[in-house]
Amino acid sequence: PTRQQVHNFAAGPSPLPTNVLEEAALGLLNYEDIGMGICELSHRGKEFKAVIEGAEADLRELLQIPDNYTVLFTQGGGTGQFSATVLNLLAAHRQAHPVPAEEFKPPILDYVLTGSWSSKAYAEAQRLCAAPFPNCPSFGEPRIAASTKSSSWTRLPSKDEYKFSKDAAYIYYCENETINGIQFPHDKDSEEGGFPFDLIPEGVNLVADYSSSFISRPIKKFEKHAIIYAGAQKNLGPSGVTVLIIRNDLLIDTTKIQNELGCLPCLPITYEYKILSDNKSLYNTPPTFPIYVSALVLKHLIKNKGGLKGLEDINREKSQLLYETLEKAEKQQKAKLVVRDSNARSWMNVTFNIEGDSEKEKKFLEGAENKGFKQLKGHRSVGGIRASLYNAVAFESVKLLCEYIEEFCEL
Ligand code: PLP
């Protein structure tokens, strides 16, 4: 099968490498010539076991994941992890502070808010922690450790704006805000706008949502993190699988802690990291097809794209070219970049507006569509334009988009 090649700038689900899709199409029909497709095989059979083990091994190689971290493939998306992180880490905190229920003090949960997704994660923590009955303590106290909401998410906090609690159950941040186009620079330290790893109090767990920047470049200070998670549907594979990387001491038997100590919200069993880990991601039926395609993508990235270094180089080049073109348009008041701080501009999601009335932007999008530039419309909550430059977007596509911007803006 073939298809017309367009330039797909979707924010997610996003494009996948064409050669991988061709191979996956074959695997869907007739996996390794056994007369059955991958979706027709038992998740406990030897064929799928090889797929999921291969995916883990390749991910470990690509990201250089240290041995004291567990890799899991699960369902529920990034949104599922907004809940799972709260529930598992409250249990970890309770285990570390086994005071009787009468002496229980809800721990602080520190959230860094830099855009729409971290705000949603914070809202979920508030919902889950709320006291179950009047006159009860809450399960935890979500708190805003830093926020750039008042700047409409157009910048990152400066170092002196972070206020972390020294005994928080965890600190949470979103490395790349997909909707707003804002990302923590991975090559800057905290003085220059990088994430303030140096301010994290000793022993406090750090959680990062890497959904939209996973495997696009190295993860800064990997070992400072307790949990890193990502939905697959940007850089890794089809929607339906979520990757979790969890430091081993956080695989907590939450039922035991609940029974022995109490003061915990109930955790749905498929969200417990220890259950998933004890069963090697096969406690229940995993999303076999998304895991299969993700496994193929990982092989392709290692073999053909130069691994993480190769991806970093090409992703830097793609985003640089587009930002330079938009800066040129901005100088001539033809376009405006949403994120004002150039250090905080996302490599993955480039957000901008075309200057002039709303008709002008509509015209830009129509013209783009006619030229085969697809899915450039900004998220429905913020409008404007968003070009997402995930791994499978070719440099050539970005170059052609830049030429279109120059033509449309008469640069
Ligand atoms: N976090 C980030 C950064 C995202 O971009 C998204 C979705 O786009 C989510 C979380 C939510 O993920 P899901 O739709 O897989 O639940």
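Only a predicted model underlies this, so the values are computations on that prediction, with no experimental measurement involved. (Residues numbered from 1 in each chain as written. Predicted model: local features only at pLDDT ≥ 70, side-chain atom pairs only at ≥ 80, totals over all residues.)

1. Brief notes about the nonpolar core
Residues Y111, Y170, I171, V243, L322 and L389 are the most contacted members of the largest nonpolar core, which totals 114 residues. When residues of this core are sorted by domain, at least three fall in each of domain 1 (50-297) and domain 2 (307-408). Contact partners of I171, with chain neighbours within four places excluded, come to D110, V112, A145, F164, I200, V204 and L206. (Core = buried A, V, L, I, M, F, W, Y, C linked by C-beta atoms within 7 Å. Buried ≥ 20, exposed ≤ 12 C-beta atoms within 10 Å, placed from the backbone. Domains from an automatic or database assignment. Contact = placed C-beta atoms within 7 Å.)

2. Let's talk about the site of the ligand
All residues adjacent to the ligand are G12, G77, G78, T79, W117, C174, T178, D209, S211, S212 and G231. At 3 residues, helix α3 (residues 77-96) tops the list of elements feeding residues into the shell around the ligand. (Near = placed C-beta within 6 Å. Helix = DSSP H or I, 4+ residues; strand = E, 2+ residues; numbered from the N terminus.)

3. Here's the deal with the UniProt feature "domain: Aminotransferase class V" (unreviewed entry) in the protein
Feature annotation in UniProt assigns "domain: Aminotransferase class V" (unreviewed entry) to the following positions: residues 7-91 and 149-401. Secondary structure across residues 7-91 divides into 53% helix and 9% strand, with the first and last C-alpha atoms of the span separated by 45 Å. Helix makes up 30% of residues 149-401 and strand makes up 16%, while its end C-alpha atoms are separated by 31 Å. (UniProt positions renumbered as here; feature names shortened; annotations may be inferred.)

4. What about the sheet that holds strand β4 (residues 141-147)?
Read from one edge to the other, the open sheet built from 7 strands follows the order β2-β10-β9-β8-β5-β3-β4, with strand pairing classed as mixed. Strands at the two margins of the open sheet, each flanked by one partner only, are β2 (69-74) and β4. Neighbour-to-neighbour, the strand axes of this sheet turn through a mean angle of 20 degrees, independent of strand direction. As paired strands, β2 and strand β10 (residues 242-247) are joined by 6 bridges and run antiparallel to one another. Paired with T74 across the two strands is T242, which belongs to β10. Sheet contacts for α3: β3 (108-113), β5 (170-174), β8 (205-209), β9 (227-231) and β10; angle to β9, the most-contacted strand, approximately 160 degrees. (Pairing = 2+ DSSP bridges. Axes fitted to C-alpha atoms, helices over the stretch in contact; angles between N-to-C directions.)

5. Focus: the pairing of strand β14 (residues 385-388)
Along β14, one buried face is formed by I385 and A387 and the opposite face, lined by R386 and S388, is buried too. Examined bridge by bridge, strand β12 (residues 349-354) and β14 share 4 bridges and lie antiparallel to one another. Across the sheet, the residue bridging to N349 is S388, located in β14.

6. Structural notes on the packing of helix α8 (residues 307-331) against helix α10 (residues 395-408)
Packed helix pairs are characterised by how far apart their axes lie and by the angle those axes make with each other. Where α8 contacts α10, the axes come no closer than 10 Å and their chain directions differ by 0 degrees. It follows that α8 is roughly parallel to α10 by the angle criterion. Packed against α8, whose contacting residues are I314, E317, K318, L321, L322, T325, L326 and A329, the element α10 presents F395, V398, K399, L401, C402, I405 and E406 at the interface. The residue makeup of the contact of α8 with α10, split by class, is 10 nonpolar, 1 polar and 4 charged. (Parallel < 35°, antiparallel > 145°, perpendicular 65-115°, else oblique. Nonpolar A, V, L, I, M, F, W, Y, C, P; charged D, E, K, R; others polar.)

7. Focus: the packing of α3 against helix α5 (residues 254-261)
Running from N to C, α3 and α5 point in directions that differ by 50 degrees, and their axes come no closer than 10 Å. Judged by the inter-axis angle, α3 sits oblique to α5. For the crossing formed where α3 meets α5, the hand is left-handed. Two secondary-structure elements touch here, α3 through L87, N88, A91, R94 and Q95 and α5 through T254, I257 and L261. Split into classes, the residues belonging to the contact of α3 with α5 amount to 4 nonpolar, 3 polar and 1 charged. (Left-handed = near helix turned anticlockwise from the far one by under 90°.)

8. Here we look at helix α7 (residues 288-304)
Its 17 residues give α7 an end-to-end C-alpha distance of 24 Å, which sits within 8% of 24 Å, the value for a rise of 1.5 Å per residue. Within the span of α7, buried status applies to T288, P290, I291, Y292, V293, S294, A295, L296, V297, L298 and L301. Buried residues in α7 make contact with α1 (18-29), α2 (46-63), β2 and α8. Of the residues trailing α7, G306 is marked for its positive phi of about 75 degrees. (Expected span 1.5 Å × (residues − 1).)

9. Brief notes about the domain arrangement of the protein
Once the domains are mapped, the protein shows domain 1 (50-297) and domain 2 (307-408). Measuring from the centre of the C-alpha atoms in domain 1 to the corresponding centre in domain 2 gives 29 Å. Those elements that place two or more of their residues in the side of domain 1 that touches domain 2 are α2 and β7 (182-183). When grouped by side-chain class, the residues that make up the side of domain 1 that touches domain 2 number 8 nonpolar, 12 polar and 5 charged.

10. Notes on the environment of A226
Residue placement: A226 occurs in the loop between β8 and β9. Expressed as a C-alpha distance, the spacing of A226 and L199, which sit 27 residues apart in the sequence, is 15 Å. Not counting residues up to four positions away in its chain, the partners in contact with A226 are Y170, N205, L206, V207, R247 and L250.

11. Focus: the pairing of β10
A large share of β10 lies buried, amounting to 5 of its 6 residues. The pairing of β9 with β10 spans 5 bridges and is antiparallel. Within β10, the position partnered with I227 by the bridge is I246.

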